[in-house]
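So the chains spell out like this:
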Amino acid sequence: MPYRPPLVPYETFVADPPDLPVRAPGEDGAALVGRAELVAADPHGVTVKATLSDGASTVVRVDAAGDGVIRVRLADDPQARGRAARAAPLVHPGAHPATVTVADGRVRVDAGALVAELGLDPWHLEFRAPDGRLLLAQDRGVRDISGRRRTLPFGRSTVDGATVAWHESFTAPGDERFVGFGEKFTPLDKRGQRALMWNFDAFGGESDRSHKNVPFYLSNRGYGVLVDSGLPVQFDVCQSTHSSVQILVPDELLDYYVLAGPTPAEVLDRFDGLTGRPYLPPRWAFGAWISSGFFPDTQQRVLERARLIRERGIPCDVLHLDCYWQVAGRWSELRWDAEAFPDPDGMLRTLAEQGFRVCLWMNPYLMTGSPLYAEAAEAGYFLRHPDGGTYVADVWHGSYPASAIVDFTNPAAVEWFTGLLRPLLAQGVAVFKTDFAEGVPADALAHNGMTGVELHNVYALLFNDVVAAVTEEVAGHRTVWARSSYLGGQRHSAQWSGDVNATWPGMASTLRGGLSHGLSGVPFWSHDTGGFHGTPDPDLYVRWAQFGALSPLVRLHGTTSRLPWDFPAEAERHAVAALRLRYRLMPYLWSTAARAARTGVPMMRALLVDTPDDPTAWATDLQYRLGPDLLVAPVLDPSGVRDVYLPAGDDWIDAATGERHVGGRHLRIRVPLHRMPLYVRHGALLPLVDPAGTVGDGPFRDVTLACFGAVGGRTVVHDVDGDTEIEAVRDGTELRVQTRGPLQVGQLVLAGVGDAGLPARSLLNGEAVAVRSVPGLVPDAG
């Protein structure tokens, strides 16, 4: 259960997790692995019979699941699997050869980039790098001066003879840092926190409640740990005791993987190998999404918004229609409100002619006031109470009528649900916003026999799988706009941070959530630009628009209007300028996205991804790199003042002024409202295009290559017609740029170069070209 602060009303949620038992003083129900004997060794690993401290025995399996990946299983039944796997497997390990050696009561399982060393009597397990460096070791367990057990090492805990949880503990050196666990809005380094793997409505996105949990973390010591369970796993990250990470798994077994690095990028690549590669959305999805907002809407208003967006020159690819395209009080029956939208076919045709795609809001619930409810309930399409009745739950937290929850374990319910979506896609709708899905109550029952506890986390995966599949069937892509997710959810792109508060602190916690989620294997993430709940003041709106424009994806949405022209003219001008900068950077952003889909390295990433050997990078969580070459530091305070850390190993060029700074240092800066702290890596080659109203589907044309520093460098630009390698070589006073691939580079621009550093001659593909020298990436003008 999440921490409940004293004297504050507890946040009502229909689907709180069950509590694990709390021990009475002197009670000890933990049975720990004390010794083991080898049962079998094979080309992949070993099986051992473990003796527990209560005299019982169990089975431990340690084997290779990939190069640099070792799996550890502790169970009474060697064939046991996690209870959530009844819906769908979360991890997909492959058989991988290992070198197994046994000598003097010790066993060594060598998986290439990672080695497990087992001591049998007494039992102990360590993980080492190939050079022998210790990465991770089990905590043997200690008792304090009063005799109380401080940690729960490798073993299980029982109540009245029944196992309630399996557990593992690892020793944590005092300087070790831990990141990941999904979209967590708390400080990036999770040391001192307790991460509960249970999807919640996050209620503002400013606490440890998360829509998207991923039972995985990265360490600055060069490894990752992944737990294969869909149940409410708890990670006590040096909270109960500073010296130990404890993992509690209330499932049929303990099943975890240790993933070698040594870099975070390599760990994430191995993570994707086990759980699936991220889905790359179509290119139009990287344009701006502009929402109707969460308030009543009509066809006339939609068409008027579209007209003004184009007339005012605001870049936009997707118009989002939130809940009120349906009849209020009947959500989510997936039918147009005929009174508010009398001609959706004509509206969709008009919007397509204007270059817009249309996104519709929906969720997996159905209010009982819908005409569809009675028949669907009779057919058994919803989750049930234990007595067999339809489970009608307060999934809207009292704000709107109670709803039934579609049961996606029932094939007939899936067919019924997709039958509601398919006509909308055929009508011309491009994509769905898949909202909610955190509300499966613990005591619900599903068609396939799963309990609500077993289904709760993985329900979001089933929901998004269904919507993605029917979208691909009709529209040719698998894009969704999802609020909740779980392990393996990187196959559902995109995801956004939910209903964050429209405040300055809310923007900061949103940024932390995005960085945390990126380090959990999800590269395509966004947020409600301007904040969701409340109305941002004009300065906050501008600063959030700047942050949104330089996020992996961008959508303007809230409980009140986020349309630029509904703010003062100055705010509109600055917000639109930020969107135009995004569209200008589109070749760079798309290339970064393509690499993220191939490697799992997030687009928007904490500094530690690119500079893992820089200790300050692991402690910096309110700025980020957008791809390898841009450093973004959103302004998070109305003063316009903030501290910026420039990562070590590179020099950085102010994108507005062209001023060059040495990396590995902090700056305290004050920036006017029209500017956002943005720095470009010295030596970067950025492909740019003139901003247009939409992203466009064809290859990038009339590309300008900005050479920052006019020095040597390399990059690869990904495009729909293939990849282009670009190399710049500085030879004395001559700069030579060579492209190899289909990209058409029309001109060169030299940025951040003083007079003394300008080349006397510049060549593009062997031909002398005239170049422009500019201070930076964006003009420093209000």
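Residues numbered from 1 in each chain as written. Predicted model: local features only at pLDDT ≥ 70, side-chain atom pairs only at ≥ 80, totals over all residues. Heavy atoms only, no water.

**Student:** Can you walk me through the overall build of the protein in this structure?
**Tutor:** For the protein, the helix and strand inventory stands at 11 helices and 47 strands. Computed over C-alpha atoms, the radius of gyration of the protein comes to 27 Å, within 12% of the 28 Å expected from 2.2 N^0.38 for 782 residues, which places it in the range of a compact globule. Principal-axis analysis of the C-alpha atoms gives the protein an extent of 80 × 70 × 50 Å. Put simply, the protein has 782 residues, and 61% of those count as buried. (Helix = DSSP H or I, 4+ residues; strand = E, 2+ residues; numbered from the N terminus. Rg over C-alpha atoms; globule rule 2.2 N^0.38 Å. Buried < 20%, exposed > 50% of the residue type's maximum accessible area, 1.4 Å probe, protein only.)

**Student:** Whenever I open this one, helix α7 (residues 459–475) confuses me. Can you help?
**Tutor:** Each α-helix winds once per 3.6 residues, and so residues spaced three or four apart point in a common direction. In a regular helix each residue adds 1.5 Å, so 17 residues correspond to 24 Å; α7 covers 24 Å between its end C-alpha atoms and thus fits that length. Here α7 has its buried residues at Y459, A460, L461, L462, F463, N464, V466, V467, A468, V470 and T471. Two residues or fewer past α7, G476 is found with a positive phi of approximately 85°. (Expected span 1.5 Å × (residues − 1).)

**Student:** Explanation requested: the environment of T298 in the structure shown.
**Tutor:** Assignment of secondary structure puts T298 in the loop between β19 (288–291) and α2 (299–311). The exposure class assigned to T298 is partly exposed, which follows from its relative accessible area of 24%. Taking C-alpha positions, T298 is 50 Å from L248, a pair spaced 50 residues apart along the chain. For T298, the contacting residues outside a window of four places in its chain are A340 and F341. A distance of 3.1 Å separates the side chain of T298 from the backbone nitrogen of R301, its partner in a polar contact. (Contact = heavy atoms within 4.5 Å. Polar contact = N/O pair within 3.5 Å; in protein donor to acceptor, adjacent residues only side chain to side chain.)

**Student:** Sorry if this is basic, but what is going on with the state of the cysteines here?
**Tutor:** By definition, a disulfide links two cysteine residues through a covalent bond between their sulfur atoms. Inspection of the entire model under this criterion finds zero disulfides. Cysteine C359 remains unbridged, with the sulfur of C323 as its closest cysteine sulfur at 11 Å. (Disulfide = S-S within 2.5 Å.)

**Student:** Help me understand the packing of aromatic side chains, please; the structure alone is not making it clear to me.
**Tutor:** Centre distance and the angle of the planes are the two values used to describe a pair of aromatic rings. Per the counting criterion, the structure on display carries 36 aromatic pairs. When the ring centre of F13 is taken as origin, the NZ or CZ atom of R209, which lies over that ring, is 5.6 Å away. The aromatic ring of W496 is capped on one face by R555, whose charged end is 5.0 Å from the ring centroid. (Phe/Tyr/Trp six-rings, centres within 6.5 Å; stacked < 30°, edge-to-face > 60°. Lys NZ or Arg CZ within 6 Å of the ring centre and 35° of its normal.)

**Student:** Explain the sheet that holds strand β22 (residues 365–367) to me, please; I cannot follow it from the model alone.
**Tutor:** Hydrogen bonds along the backbone pair up the strands of a sheet, which may run parallel or antiparallel. Spatial strand order, β22-β24-β23: three strands in an open sheet with antiparallel pairing. Each having just a single partner strand, β22 and β23 (392–393) make up the two edges of the open sheet. Inspection of the sheet shows β22 paired to strand β24 (residues 403–405) by three bridges, in the antiparallel sense. Residue Y365 lies in a different strand from β24, and its bridge partner there is I405. (Pairing = 2+ DSSP bridges.)

**Student:** Any chance you could explain the side chain of S169 here in plain terms?
**Tutor:** Take S169: it is sitting in strand β11 (residues 162–171). Residue class for S169 comes out buried when judged on its relative accessible area of 0%. Within the structure, the side chain of S169 is placed 2.7 Å from the backbone oxygen of L152, a separation counted as a polar contact. Beyond its immediate sequence surroundings of up to four residues, S169 is in contact with A137, Q138, D139, T151, L152, P153, F154, S244, V245 and Q246.

**Student:** Hey, could you run me through the sheet that holds strand β32 (residues 624–626) in this one?
**Tutor:** Read across the open sheet, the six strands follow the order β31-β32-β33-β38-β35-β36; overall the sheet is antiparallel. Either end of the sheet is taken by a strand with one partner, and the two such strands are β31 (604–605) and β36 (660–662). Here three bridges tie strand β33 (residues 630–632) to strand β38 (residues 678–681), and the two strands are oriented antiparallel to one another. Within the sheet, the bridge partner assigned to L631 lies in β38 and is Y679.

**Student:** Quick question: what am I supposed to make of the packing of helix α9 (residues 538–549) against helix α10 (residues 569–584) here?
**Tutor:** When two helices pack together, you describe them by how their axes are tilted relative to each other and by the distance separating the axes. In contact at an axis separation of 8 Å, α9 and α10 are set at 5° when each is read in the N-to-C sense. Regarding the angle of α9 to α10, the classification is roughly parallel. In this structure, α9 contributes P538, Y541, V542, A545, Q546, G548 and A549 to the contact, and α10 contributes A571, H574, A575, A578, L579 and R582. Residues that form the contact of α9 with α10 fall into these classes: nine nonpolar, three polar and one charged. (Axes fitted to C-alpha atoms, helices over the stretch in contact; angles between N-to-C directions. Parallel < 35°, antiparallel > 145°, perpendicular 65-115°, else oblique. Nonpolar A, V, L, I, M, F, W, Y, C, P; charged D, E, K, R; others polar.)

**Student:** Help me out: how do you make sense of the pairing of strand β1 (residues 30–41) in this one?
**Tutor:** Remark: a regular strand shows side chains that alternate across the two faces of the sheet. By the bridge criterion, three bridges tie β1 to strand β10 (residues 155–159) in an arrangement that is antiparallel. Residue pairing across strands places L32 opposite G155, the latter belonging to β10. Looking at chain direction, β1 and strand β2 (residues 45–52) are connected through seven bridges and run antiparallel. Note on β2: the bridge partner recorded for A40 is T47. What sits between the antiparallel neighbours β1 and β2 is a turn of three residues.

Taken by themselves, the reported measurements are silent on function.
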